[in-house]
Amino acid sequence: MTRGIVTGITANLITVEVDGPISQNEIAYLQNNDERLMSEVIRITGKTAYMQCFESTRGVKVGLPVEFSGEMLEVELGPGLLSKNYDGLQSDLNKKEGLFLKRGEYTAALNEEKKYEFAALATVGERVNAGFWLGEVKENWVNHKIMAPFNLASEWIVESVAANGIYGIHDVIAVIRNDAGERMELSMTQRWPVKIPIRAYREKSRPYRLMETGYRIIDTFNPLAEGGTGFIPGPFGCGKTVVQHTISRNASADIIIIAACGERANEVVEIFTEFPELEDPRTGRKLFERTTVICNTSNMPVAAREASVYTAMTIGEYYRQMGLSVLLLADSTSRWAQALREMSNRLEELPGPDAFPMDLPAVIANFYARAGMVYLHNGASGAVTFIGTVSPAGGNLKEPVTESTKKVAQCFYALSQKRADSKRYPAIDPHDSYSKYLESPEIQQFLSERSGPRWVSDVLSLKNRMLRGKEAQDQISILGDDGVPIDYHVDFWKSELIDAVLIQQDAFDPIDSFASVERQEYGLEMLKKICDRKFRFQSFEAVAPYFKKIINSLKQMNFCDFNSAPFKEFEAQFKSMLNEGDVS
Amino acid sequence: MQSSAFQMIHTKIEKITKATVSLEASGIGNEEMAWVDNRLAQVVKINKNQVTLQVYVGTEGISTNAEVVFLGRPPVLKVSEHLAGRFFDAYGQPIDGNPEVEGEEREIGGPSVNPVCREQPSELIATGIAGIDLNNTIVTGQKIPFFADPDQPYNEVVANVALKAQADKIILGGMGLSNDDYLYFKALFENAGALDKIISFINTTENPPVERLLVPDMALSAAEYFAVDKNEKVLVLLTDMTLYADALAIVSNKMDQIPSKDSMPGSLYSDLAKLYEKAVQFPKGGSITIIAVTTLSGGDITHAIPDNTGYITEGQLFLRTDTDIGKVIVDPFRSLSRLKQLVIGTKTREDHGQVMNAAIRLYADAAEAKTKRDNGFDLSKYDKRCIDFARDYSRHLLAIDVNLDTKAMLEVSWRLFEKHFSLDELGIKKAISDKYWRGPGNNGN
Ligand SMILES: Nc1ncnc2c1ncn2[C@@H]1O[C@H](COP(=O)(O)OP(=O)(O)OP(=O)(O)O)[C@@H](O)[C@H]1O
Ligand SMILES: [Mg+2]
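This one's a predicted model, so the numbers in the text were calculated from it and none came from an experiment. (Residues numbered from 1 in each chain as written. Chains lettered and ligands numbered in written order. Predicted model: local features only at pLDDT ≥ 70, side-chain atom pairs only at ≥ 80, totals over all residues. Heavy atoms only, no water.)

1. Overview of the overall build of chain B
Short version of the rule: Think of it this way: any DSSP run of H or I at least four residues long counts as a helix, any run of E at least two long counts as a strand, and we number them from the N terminus. Burial here depends on accessible area, computed with a 1.4 Å probe over protein chains only, as a share of the maximum for the residue type. Under 20% is buried, over 50% is exposed, and the range in between is partly exposed. We call two residues contacting when some pair of their heavy atoms lies within 4.5 Å.
Check the secondary structure of chain B and you find eleven helices and 21 strands. The principal-axis extent of the C-alpha atoms belonging to chain B is close to 85 × 50 × 40 Å. Across the 445 residues that make up chain B, the buried fraction comes to 60%. Of the contacts formed within chain B by residues at least 6 apart in sequence, a portion of 70% connects residues at least 24 apart.

Right, here's the structure in full:
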């Protein structure tokens, strides 16, 4: 292996004089007394390697020895990834010793000692290709597939498969050989470089199903497709993390991967604390059974932020290869972009807009392109759905990370400062936000089969009402309450009704925080009915009090279990009010 | 100065800028401390034999043959119980005339706590201020700054919050503190008889700005000692972090780094996060809570310093003078405590969340009504009621000089609701209003 000697240090950028061949993105270890510090090659000029160190470089000296690994940054894939809390380099945080993170301590990603009950799916003599399901084990409740290496270039033949039984993750469970007579022993695990997408599938298809999130403004108004992409930009404190956390609890995905990238430690602590207790509203199983957390919080080494999102994506793709639906949440992709910026500045590269690296749009586009719905070689389908948050400087959406992301993500959930200030949560702006899936023929067909042929047009009609309400409000504020026809007030209050009952949703209320599809269907139909009604009021002053009463009852319904007795009571109350409105 | 016999003395400086000196030396560690012409300096860059040091007090008058002595270690603080009651400068040297503190030498700016070793914060800090306890409840282990214009009495507010907070130790990190403010803190703590639980690291306007860069790390290292080794509840006050960030900008600028927004270094987010993330709740009961001050210029929170701060901290408390009542309030709109949901309604009365939200919504309606009024339109009856409510709400709750316990705050809120509104205008869950609303239209009564 190639070796080298440290020749310079600026913050976490290290220059190394090497004695042999090295490759871009190769991992090397810097030996500092008894610590081994992981670094990645990010530029090579002649015999000098520029490396970003994944650890603090305090005390590092010129002359220290460096050992190159010959490999890019890799993760270990196999049973036992779920319910784990990893750092950005896939070290198991629970296995680390001591209260404080010791640099250079890298712990194993999977549990060596743990045994799994293996059931073979492949038979001897069968021809297999990359990602072929050789067998399966139970990981929590998931049928975790043991797969042929994702980098198999051609078809291989199964020479032997282990008998069904109990095995450790590194025991040989199959042997395969190729036409050239090469043999390969396979265990339950394999390694994969995080920056390279796993492509062991037949085709990537257009999304044709929805990922339910439990948020009305998403599922009803701006639906997210399974295998789709969305992003949530917003100023600080407007609710990006709350939206993502709520989705991570309620989403209709098989597997949730949470990448906490350069954000607060207390936010992951919340997940560590609550997920072992909370239940998946659909299956009743504990949430942490389907969740993996990759956390590189803001005080952890900056270079590992980039690694953390790729590590998360690779683990997501791995479960997708099992035919599962994976939801990947990254908070915040801006911190990753900032890490790239810090490094690019240290390398004295020509800066792009706002001093971000020139290739930032490409980096973001490539990452989002890894999401998707795929058909595997065996015909099963799997998906990685991705939602990233973006933290624009000064809350201004005209900045490189937001703009680059907007070009590639299909759903845009813009958080508005104004809505957050007036506590209209989730602060997703109903006017600016969009989902391109609402226009996709496959998704429209899905929606009409699921919720009836009128669904999409009803949604569009309510969205249009929101717009009319805004226009009416603008007119009222220019011309005054009595300077506009009473209808303007009615239009405005209809939009307030939709806002209060459909868009606003209390993420901290045990009932309101999750709206099932059935509930959302009921809600949309009801709102449509009210909004289509013509109301006659004697004066504009009568409009607001009337709608406030209706809003109050409907909001109360949101806080009650669907179709429960109190729910029905408020429903009756509001129905009688509705009739009052007609006669006034 | 404190060099010992075996240390090599260098006397050939090759390059001097306003903040840094460079010289040839070998065997030097990154971030190592050194004396340059009897001034404390730190290694910021090494390229082969060329070592660049940042000189904290600046390089004025340093000559190319000045003595440079490397200390072979990063910056340290000596920690022990004897820190309590003492005043230090940015380097951890006493400024109160008493002898140096004996204790264990610890590196400042050390590693981060493993996130899985943290406990979820859940212990409420009562301040008596409704803008905090009612609307933005804070907890131990939280990090939260006051956002204030320079003319707001932020240091008074911070000091009072600290004294009410019932911490075992209060650690003051003063950066660019005016001498008046320094003496104010000192006198206030003394008068409260609290001096023995206070530790101060002070950089005043009279000290060189770059020295400030050491203050937060000093304060937080002392905090870690008491929170980890002694399981104490430690409150760290950092004022003014804007001046800290300015010092960062000075240094990065002098080192020819490409500035990003507002001339701040591109690493501002990470630099600030490294400090603020020291706030922590430990399972054994020790905690570090950080209450900071970030001064704004002209209320602009989109400036890189408050903006990055907001992205890091767990909320912010926005001080503003309410012209209706002529008093300073914690602005309910721009203020936020992100950890409040961990205690609201569980550590406080069940109606807390609903009451808080209803009041703020109505306060927002009042703001809209005021805009309407300012634009010369007639106000509806509801608008007028909102404006009246807002005035009462400011006067009886938000004003910074109101001192109540949370239950009393909730009661006052209900009475104001009853005075100005009907029940269905509140949008409060029925199960809650049945119990606490005493006005007309309550089926529960
Ligand atoms: N849906 C919601 N329901 C109720 N409260 C909410 C909701 N969303 C956000 N909040 C409130 O806003 C606070 C801030 O939200 P959050 O932490 O998600 O912001 P953020 O956009 O992630 O900010 P940052 O960029 O600084 O991380 C929360 O702590 C909570 O008090
Ligand atoms: Mg967040």
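2. A word on the overall build of chain A
What counts, and what does not: For the radius of gyration, the atom set is restricted to C-alpha positions; the globular benchmark scales as 2.2 Å times the number of residues to the power 0.38. Surface accessibility follows the Shrake-Rupley procedure with a 1.4 Å probe radius. Residue values consider only the protein chains on display as shielding.
The secondary structure content of chain A amounts to 14 helices and 28 strands. Here the C-alpha atoms of chain A give a radius of gyration of 27 Å, agreeing with the 25 Å that 2.2 N^0.38 yields for 584 residues. Dimensions along the principal axes, computed over C-alpha positions, put chain A at roughly 90 × 55 × 40 Å. By residue count, 61% of the 584 residues in chain A fall in the buried class. When the accessible surface of chain A is split by element, carbon and sulfur atoms take 51% of a total near 21600 Å².

3. Regarding the packing of aromatic side chains
Applicable threshold: Stacked, tilted and edge-to-face are the three classes assigned to paired rings of Phe, Tyr and Trp, where Trp is represented by its six-membered ring and a pair needs centres within 6.5 Å; plane angles under 30 degrees give stacked, over 60 edge-to-face, the rest tilted. Definition used: whenever NZ (Lys) or CZ (Arg) falls within 6 Å of the ring centre and also within 35 degrees of the ring normal, the charge is taken to sit over that ring.
What the rule picks out here adds up to 39 aromatic pairs over all chains. Considering the side-chain rings of Phe-412 of chain A and Tyr-434 of chain A, the 5.3 Å spacing of their centres and the 35° angle between planes classify their relative orientation as tilted. Of this pair, Phe-412 of chain A sits in strand S27 (residues 411-412) while Tyr-434 of chain A sits in strand S28 (residues 434-435); the two residues are 22 residues apart in sequence, bridging distant segments of the chain. Take Tyr-434 of chain A: its relative accessible area is 23%, and that puts it in the partly exposed class. The ring of Tyr-269 of chain B carries the charged tip of Arg-335 of chain A above its face, separated from the ring centre by 3.7 Å.

4. What to know about the sheet that holds strand S15 (residues 174-177) of chain A
All names here are of chain A. Basically, it comes down to this: DSSP-based pairing: two strands are paired if at least 2 bridges between them are found.
In space, the four strands of this open sheet follow the order S10-S13-S15-S16, with antiparallel pairing throughout. For this open sheet the edge positions go to strand S10 (127-128) and strand S16 (183-186), each flanked by a neighbour on one side alone. Pairing of S15 with S16 involves four bridges; the strand directions are antiparallel. In the strand pairing of S16, Arg-177 is matched with Arg-183.

5. Observations regarding the environment of Asn-12 of chain A
Residue and element names in this part refer to chain A. What counts here: In protein, a polar contact requires one atom able to donate a hydrogen and another able to accept it; more generally it is a pair of N or O atoms within 3.5 Å, and residues adjacent in sequence count only if both atoms are side-chain atoms.
Looking at the element boundaries, Asn-12 is found in the loop between strand S1 (3-10) and strand S2 (13-18). Assessed through its relative accessible area of 10%, Asn-12 is described here as buried. As a C-alpha pair, Asn-12 and Phe-54 span 42 residues in sequence and 7.5 Å in three-dimensional space. Among all residues touching Asn-12, those that are not within four sequence positions of it are Met-51, Gln-52, Cys-53, Glu-55, Thr-57, Ala-303, Met-343 and Arg-346. Engagement of the side chain of Asn-12 in a polar contact is seen with the side chain of Arg-346, the distance being 2.6 Å.

6. Some thoughts on the site of ligand 1
In plain terms, the rule: The nearness test applies per residue and asks whether one of its heavy atoms lies within 4 Å of the molecule or strand. Nonpolar residues are Ala, Val, Leu, Ile, Met, Phe, Trp, Tyr, Cys and Pro. Charged residues are Asp, Glu, Lys and Arg, and all others, Gly as well, are polar.
Every one of the 22 residues lining ligand 1 counts as a neighbour, but Gly-237, Lys-240, Thr-241, Val-242 and Arg-264 of chain A are closest to it. Among the chains of the assembly, those with residues near ligand 1 are chains A and B. Residue Glu-263 of chain A places a side-chain N or O atom 3.2 Å away from an oxygen atom belonging to ligand 1. A distance of 2.9 Å separates an oxygen atom of ligand 1 from a polar side-chain atom of Arg-338 of chain B. Contact with the protein chains removes 96% of the 620 Å² of surface that ligand 1 exposes when unbound. Of all the elements in the fold, those that place two or more residues in the shell around ligand 1 are helix H2 (240-250) of chain A together with helix H7 (304-312) of chain B. The element that contributes the greatest number of residues to the shell around ligand 1 is H2 of chain A, accounting for three residues. A per-class count over the shell around ligand 1 returns eleven nonpolar, six polar and five charged.

7. A look at helix H4 (residues 215-229) of chain B
Residues and elements named next belong to chain B. How we decide: Working rule for helices: expected span equals 1.5 Å times residues minus one.
Here H4 spans 21 Å end to end across 15 residues, near enough to the 21 Å set by a 1.5 Å rise per residue. For H4, the tally of buried residues reaches 13 of 15 residues, placing the bulk of the element in the interior. Asn-231 sits one or two positions beyond H4 and adopts a positive phi of about 50°.

8. So, the pattern of salt bridges
For clarity, the cut-off: Every case where a carboxyl oxygen of Asp or Glu lies within 4 Å of a side-chain nitrogen of Lys or Arg is listed as a salt bridge.
Under the counting rule described, the total for this entry stands at 69 salt bridges over all chains. A salt bridge links Lys-195 of chain A to Glu-306 of chain A, with the shortest nitrogen-to-oxygen separation between them at 3.2 Å. You can see Lys-195 of chain A sitting in the loop between strand S17 (190-193) and strand S18 (203-205) and its partner Glu-306 of chain A sitting in helix H4 (residues 303-320), a full 111 residues away along the chain. Of the residues examined, Lys-195 of chain A reaches a relative accessible area of 27% and is grouped as partly exposed. The shortest N-O distance in the salt bridge between Lys-430 of chain B and Asp-434 of chain B comes to 3.2 Å. Note that Lys-430 of chain B and Asp-434 of chain B are positioned in helix H11 (residues 430-436) at a spacing of four residues, about one turn of the helix. For Lys-430 of chain B, a relative accessible area of 29% corresponds to the partly exposed category. Through salt bridges with shared partners, a single network forms among Arg-349, Asp-351, Glu-411, Arg-415, Glu-418 and Arg-438 of chain B.

9. Structural notes on the side chain of Glu-211 of chain B
Basically, it comes down to this: In this tally Asp and Glu are treated as negative and Lys and Arg as positive; neither His nor the chain ends contributes.
Considering the arrangement of structural elements, one finds Glu-211 of chain B in the loop between strand S15 (198-204) and H4. At 8.3 Å, Arg-212 of chain B is the nearest oppositely charged side chain to Glu-211 of chain B, a buried residue that forms no salt bridge.

10. Description of the domain arrangement of chain B
As a reminder, the rule being used: Segmentation into domains, and thus their bounds, comes from an automatic or database assignment.
With domains assigned, chain B is organised as domain 1 (2-70), domain 2 (76-338) and domain 3 (352-436). Centre-to-centre separation of domain 1 of chain B and domain 3 of chain B, based on C-alpha positions: 61 Å.

11. Some words on the sheet that holds strand S12 (residues 142-147) of chain A
Residues and elements named next belong to chain A. What counts, and what does not: Helix axes use the C-alpha atoms of the stretch in contact, all axes being lines fitted to C-alpha atoms, and the angles between their N-to-C directions lie in the range 0 to 180 degrees.
Spatially, four strands are ordered S12-S11-S9-S14 in an open sheet, and the strand pairing comes out antiparallel. A strand with exactly one partner marks an edge of an open sheet, and here the two such strands are S12 and strand S14 (165-168). Taking the axes of each pair of neighbouring strands and ignoring which way they run, one obtains an average angle of 40° across the sheet. Pairing between strand S11 (residues 133-139) and S12: six bridges, direction antiparallel. For Val-137, the partnering residue across the bridge sits in S12 and is His-144.

12. Let's talk about the domain arrangement of chain A
Each domain of chain A was delimited in the assignment, giving domain 1 (3-72), domain 2 (113-191), domain 3 (210-299 + 310-435) and domain 4 (452-583). Using only C-alpha atoms to locate each centre, domain 2 of chain A and domain 4 of chain A end up separated by 56 Å.

13. Brief notes about the pairing of strand S6 (residues 65-72) of chain A
Residues and elements named next belong to chain A. Pairing analysis gives three bridges linking S1 to S6, with the strands arranged antiparallel. Bridge pairing in S6 places Ile-5 opposite Pro-65. In this structure, strand S3 (residues 26-32) lies alongside S6, joined through four bridges in antiparallel fashion. Within S6, the residue paired with Glu-26 across the bridge is Met-72.

14. Structural notes on unusual backbone geometry
In this structure, Pro-426 of chain A follows Tyr-425 of chain A across a cis peptide bond, with omega equal to -10°. Along the polypeptide, Pro-426 of chain A turns up in the loop between helix H8 (417-421) and S28. Cis peptide bonds are those with omega within 30 degrees of zero, and the linkage from Thr-239 of chain B to Asp-240 of chain B qualifies with 10°. Along the chain, Asp-240 of chain B falls in the loop between strand S16 (233-239) and helix H5 (241-254). A positive phi angle is found at Gln-90 of chain A, which is not glycine, with a value near 70°.

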